[in-house]
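Chain residues, written in single-letter form:
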Amino acid sequence: MAERSRIPVLVGELAAEFAGTMILILFGVGVVAQVVAGGFGNHDSIAWAWGLGVTLGVYTAARVSGAHLNPAVSFALAVFKGFSWRKVLPYSLAQIAGAFVAALLVRWNYSEVLAKVDPGHTIKTQGVFSTLPGNGVLPVHEWGAFRDQVIGTAILLFLILAVTDLRNTSPAANLAPVVIGLIVVAIGMAWGTDAGYAINPARDFGPRLATFITGYGSAWRDQYGELYFWVPIVGPLIGGVIGGGLYQTLIGRFLPLEEAPEPGRVPTPTETTTGHKTA
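One turn of the α-helix equals 3.6 residues, which is why residues spaced by three or four share an orientation. Given a rise of 1.5 Å per residue, 22 residues ought to cover 32 Å, and the 32 Å separating the end C-alpha atoms of helix α5 (residues 88-109) matches this to within 8%. Along α5, the residues classified as buried are Val88, Tyr91, Ser92, Ala94, Gln95, Gly98, Ala99, Ala102, Ala103, Val106 and Arg107.

Within the structure shown, the criterion is met by five salt bridges. Put simply, Lys81 and Asp165 hold a salt bridge, and the shortest N to O gap is 3.7 Å. Of this pair, Lys81 sits in the loop between α4 (71-80) and α5 while Asp165 sits in the loop between α8 (142-164) and α9 (176-190), and the two are 84 residues apart along the sequence. For Lys81, a relative accessible area of 15% gives the class buried. For the salt bridge of Arg167 with Asp165, the shortest nitrogen-to-oxygen distance reads 3.0 Å. Using a relative accessible area of 17% as the deciding quantity, one classes Arg167 as buried. Residue Asp165 is classed as buried on the basis of its relative accessible area of 1%.

Here we take up the side chain of Arg203. With respect to the helices and strands, Arg203 occurs in helix α10 (residues 201-212). Notably, Arg203 is buried but unbridged: the nearest opposite-charge side chain belongs to Asp204, and the N-O separation is 4.4 Å. Of note is the side chain of Arg203, whose polar atom sits 2.9 Å from the backbone oxygen of Phe129. If we skip the residues at most four places from it in the chain, Arg203 touches Ile25, Trp50, Phe129, Ser130, Thr131 and Ala198.

This paragraph deals with unusual backbone geometry. Its identity is not glycine, yet Ala67 carries a phi of approximately 55°, on the positive side. Summarising the element assignment, Ala67 is placed in the loop between α3 (43-65) and α4. With phi around 50°, His121 is a residue other than glycine that occupies positive phi space. Relative to the helices and strands, His121 is located in the loop between α6 (111-117) and α7 (123-126). In this structure His121 comes out as buried when scored by relative accessible area, which is 17%.

About the criteria used
Residues numbered from 1 in each chain as written. Predicted model: local features only at pLDDT ≥ 70, side-chain atom pairs only at ≥ 80, totals over all residues. Heavy atoms only, no water. Helix = DSSP H or I, 4+ residues; strand = E, 2+ residues; numbered from the N terminus. Expected span 1.5 Å × (residues − 1). Buried < 20%, exposed > 50% of the residue type's maximum accessible area, 1.4 Å probe, protein only. Salt bridge = Lys/Arg side-chain N within 4 Å of Asp/Glu carboxyl O. Lys, Arg positive; Asp, Glu negative; His and termini not counted. Polar contact = N/O pair within 3.5 Å; in protein donor to acceptor, adjacent residues only side chain to side chain. Contact = heavy atoms within 4.5 Å.

In structure tokens form, the structure reads like this:
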């Protein structure tokens, strides 16, 4: 216990964000590789595996770091929920690193299948790892995808704040990760057409970097040859703030100042201070 106490709290939080995001991407990118390169499954299996990846990632990291697993979440929580601004960049870097390592593992494990389906490592299988406008096949361009990412991430943050606000009708602490995972499933099923619902800068940039260093020369561009990597970074950061602002305006400011009592559960000191734990 004494040895553990000498480890800075932030180090543990960053390790948890790394691990949680890695779990998320192992399932999320893994299922897309299986569907696109292996030919097993469909859009529904992709949506469900991404949602389950989020749930398992949140369960992995929630107790230590709050399980943001997404720079857009960390940024929005700093704007609206008192999350420390000095932790936003370290959290984001840990999330990107976790996504990067997970994508490398998927790239390695599916190397033979990817090489058979797409020997040149082109745009055909680039979408396994990072998003493209219109999923690489539909007539959507970068600004349409940007709009989509703003809206999709706004929905995500609005609902994350709704289900983790202890003053609201939040699920019990051990069920919040399941509900957050279901939110991602729903977004995938309803908002996946225009840009592949990245809604997370780390989810897109980490795997995009991993593909670039492993042979995908077009990793930073879309199927039209336009520089695209910035869209799933900037769009979610803006959308997260919009969604958080809408929640505060439409719901948060009308809730009681104190947490509603929850039978059989005593909030932790962190929850009492911030109004939420998992995100």
